[in-house]
Amino acid sequence: MQGFQETSVLSPASEAIATTFEKFLQLAGGLNTNPNPNPQEGSRAQEVLYVSDSLKDTLPLMSLKFSTKILYYFKYLLALHQPVATRRITDALYLLCLQPTVDVSPEALGDLLCSLATSPLSVATEALKSLIHTCVDGSLIKQGVDQIMASGSVRKSAPTIIEKLCATVESLLDYRFAAVWDMSFQVVAAMFDKLGEFSSCFLKGTLKSLEGIQKLPDDDFLYRKQNIVGARLSFFNESLLENIKVLKLKSTRNLDWLVYSLWSLLPSFCNYPVDTAESFNDLEKELCRSLREESDFRGVICSSLQILVQQNKRIMGAENEPSGKVSISQQRAVSLYTPEVAARNLDVLRSSVREILSTLSRVFMKSTKDDGGSLQRTIGEFAYIADKSVVSKLYKSTMQKLVKVTQEAGKINNSSNETSPSLTRAKLYDLAVALLPGFGTTEVDHLFDAVEPALRDTESLIQKKAYKILSTILEHDDSFIARKFEELLKLMFEVMHSCHFSAKRHRLDCLYFLIAHVSKSNKKTRNRAYEIIVEIGHACVDEDKGGNKENLYNFFNMVAGGLAGESPHMISAAVKGMARLTYEFNDLLSNAFDVLPSTFLLLRRKNREINKVRIF
């Protein structure tokens, strides 16, 4: 067929294909909609499927007259509601629409898409979404817009193809399809994505249907939230927040769920909004007020603020792109976020940092819990984009309070109630480390100096918090490890025997990050680190200091845990550390044999850094 293009042979060849397809259809039971063929017809039906498969390649190459004939035959097949036939038809249409130069009847194609939309949605949803994105092109949309503009208020002409298709999509929101609205919404969203700014011309009825669904007594807003991207913060501020205020005035339990549901839309409105620079300042005051006064909504507000900062950081290259499939609507919204737009957005967010950080800090200190660490994470995100002077001022204020509370804690021996100095002290430590993303070298070193004595604290809560803060510093600031490496190794050795049981996990985290740093260091630093590892091993079995073989086994297992590290450097360092310990302590031979299979598997990787261990 490819060779017949623009020749006199194309028409008779196309006719032969169409005639053959029609013949097989008739042999399989005729062009009827009987879904229960007899056995003889069933055997012929398989032949129809084979021919349908071949049409995927030949249909785009056929002449207009006979390709149109095939499309009408497809319509008859769709009426059978057979998934195997529907799949072949959608595959053929998908490939047909991918060819921009193919001459195809718009009427036949539109009619076929409308028929497909009335097929069982469980079969047709993905097919419809794909076909909308490939078959509905600019010319179809322009034809519909021109017809609407020319008709004015009095419509005399028949609906265009795109109008018929939009009417069919609108019908998917009918109450008879309520059980499968989850699939209907996907098709509707695909049509909105494709029409873009012209959606208001063709989907007015669909919007009214969605308004009706909005009013239903349904507490599940998932379908509405998941398709919101590239919206306007001003709409949430001016419309939804006003609705929330009205609902709160009525103050009935039956409406509480609706208030929360409206607030739960905020993260979606913060998903690449188009007016951050223009509208965020108007929204800021209400967000800060709600953070202070309405604890039920703090998680939603914090996640929304995090999304705003993270997405703009991502555009500026300060954060990695998320993995996974991105929707068409998300692609369109992201395309509007140029580095210039993201920079303006961050400037506006930065102008609100002082008030937001102040509010978050006060709320965090007064709250009895921080579910999921949402307040701390939000503080960290805004500290990252804040001016260093703002972060430094808040950090100094926090540390002054910490010094005062620490002095008070030494006079009071009571950590059981929520207002005790020890609990307040622990919270101040958490607040200080939450600001870490906005720290300079001076603040990082100062925080370490403040944490160091707490590693020896006799109170388990404070010691655990100190180790957690140190592990956070080590995880996020490799330059700090480089500056303080010898001091850190010495410190880990000195405080080993005073480590409380509840702090052991965070202590192991600290050792893990130190070992990870060793794997990237020079030879002299690595050798010194391995010497420290051996010294720690000897301390583990020092009976005069309460040591025993069990401590040594646990330490070896901790080092072996580096085999599960993500980087080849980490794996290499763990193998070398185990080798040094096994060479020094014969009691570890059985433990070493236990990890040999895993070690050998890792050594089979074709990685230079790991394979260097063989020479070790």
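Residues numbered from 1 in each chain as written. Predicted model: local features only at pLDDT ≥ 70, side-chain atom pairs only at ≥ 80, totals over all residues. Heavy atoms only, no water.

A. Region of interest: the packing of aromatic side chains. According to the stated counting rule, one finds 8 aromatic pairs in the structure shown. Ring geometry for Tyr260 and Phe297: centres 6.0 Å apart, planes at 35°, overall tilted. Here Tyr260 is found in helix H14 (residues 253-263), whereas its partner Phe297 is found in the loop between helix H16 (276-293) and helix H17 (298-315), with 37 residues between them in sequence. A residue is classified by how much of its surface remains accessible, and Tyr260, at 39% relative accessible area, is partly exposed. By way of ring pairs, the aromatic residues Phe235, Phe236, Tyr260, Trp263, Phe269 and Phe297 are connected into one cluster. (Phe/Tyr/Trp six-rings, centres within 6.5 Å; stacked < 30°, edge-to-face > 60°. Helix = DSSP H or I, 4+ residues; strand = E, 2+ residues; numbered from the N terminus. Buried < 20%, exposed > 50% of the residue type's maximum accessible area, 1.4 Å probe, protein only.)

B. Representation of unusual backbone geometry. Despite not being glycine, Tyr272 shows a phi value in the positive range, around 50°. With respect to the helices, strands and loops of the structure, Tyr272 is situated in the loop between helix H15 (266-269) and H16.

C. Expanded view of the pattern of salt bridges. This structure, assessed with the given rule, holds 14 salt bridges. Two residues, Asp347 and Arg350, come together in a salt bridge whose shortest N-O distance is 2.8 Å. Pair noted here: Asp347 and Arg350 are both in helix H19 (residues 339-351), with a separation of 3 residues, about one helical turn. A salt bridge links Glu487 to Lys484; the nearest nitrogen and oxygen atoms lie 3.8 Å apart. (Salt bridge = Lys/Arg side-chain N within 4 Å of Asp/Glu carboxyl O.)

D. Main features of the nonpolar core. With 109 residues, the main nonpolar core has Trp263, Leu266, Phe280, Leu447, Leu474 and Phe555 as its most contacted residues. Among all residues touching Trp263, those that are not within four sequence positions of it are Phe236, Leu241, Ile244, Leu287, Ser290, Phe297, Val300 and Ile301. (Core = buried A, V, L, I, M, F, W, Y, C linked by side-chain atoms within 4.5 Å. Contact = heavy atoms within 4.5 Å.)

E. Layout of the environment of Ser279. Checked against the element boundaries, Ser279 lands in helix H16. Each C-alpha atom of the pair Ser279 and Ser234 lies 5.6 Å from the other, and the pair is 45 residues apart in sequence. If we skip the residues at most four places from it in the chain, Ser279 touches Leu233 and Ser234. A distance of 2.7 Å separates a polar atom in the side chain of Ser279 from a polar atom in the side chain of Asp275. (Polar contact = N/O pair within 3.5 Å; in protein donor to acceptor, adjacent residues only side chain to side chain.)

F. Highlighting the state of the cysteines. Enumeration over the complete set of coordinates arrives at 0 disulfides. Its sulfur unpaired, Cys510 is 9.2 Å from the next cysteine sulfur, which belongs to Cys499. Accessibility expressed as a relative area gives 0% for Cys510, which makes it buried. (Disulfide = S-S within 2.5 Å.)

G. Quick peek at helix H25 (residues 460-476). Helix length check: H25, at 17 residues, gives a terminal C-alpha distance of 25 Å against a target of 24 Å (1.5 Å per residue), a fit within 8%. Considered for burial, the residues of H25 that qualify are Ile462, Gln463, Lys465, Ala466, Tyr467, Ile469, Leu470, Ser471, Ile473 and Leu474. (Expected span 1.5 Å × (residues − 1).)

H. Representation of the packing of H25 against helix H26 (residues 478-494). Direction vectors running N to C along H25 and H26 enclose 140°, while the axes themselves pass 9 Å from each other. By the criterion of interaxial angle, the relationship of H25 to H26 is oblique. Only Asp478, Phe480, Ile481, Leu488 and Met492 of H26 make contact with H25, whose side of the interface consists of Tyr467, Leu470, Ile473, Leu474 and His476. Residue composition of the contact of H25 with H26, grouped by class: 8 nonpolar, 1 polar and 1 charged. (Axes fitted to C-alpha atoms, helices over the stretch in contact; angles between N-to-C directions. Parallel < 35°, antiparallel > 145°, perpendicular 65-115°, else oblique. Nonpolar A, V, L, I, M, F, W, Y, C, P; charged D, E, K, R; others polar.)

I. Broad picture of the environment of Tyr583. Relative to the helices and strands, Tyr583 is located in helix H30 (residues 568-584). Tyr583 gets classed as exposed once you look at its relative accessible area, which sits at 73%. Here the alpha-carbon distance between Tyr583 and Val534, two residues 49 residues apart in the chain, equals 9.7 Å.

J. Spatial organisation of the side chain of Thr276. Along the chain, Thr276 turns up in helix H16. Residue Thr276 is classed as buried on the basis of its relative accessible area of 1%. When neighbours within four sequence positions are excluded, Thr276 is seen to be in contact with Leu233, Leu308, Tyr337, Asn345 and Val348.

K. Summary view of the packing of helix H22 (residues 388-409) against helix H24 (residues 441-451). Packing of H22 against H24 brings their axes to within 12 Å, and their N-to-C directions diverge by 10°. The orientation of H22 with respect to H24, classified from their angle, is roughly parallel. Crossing of H22 against H24: the hand is left-handed. Touching Ser392, Tyr395 and Met399 of H22 are Glu443, His446, Leu447 and Ala450, all from H24. Of the residues belonging to the contact of H22 with H24, the class tally is 4 nonpolar, 2 polar and 1 charged. (Left-handed = near helix turned anticlockwise from the far one by under 90°.)

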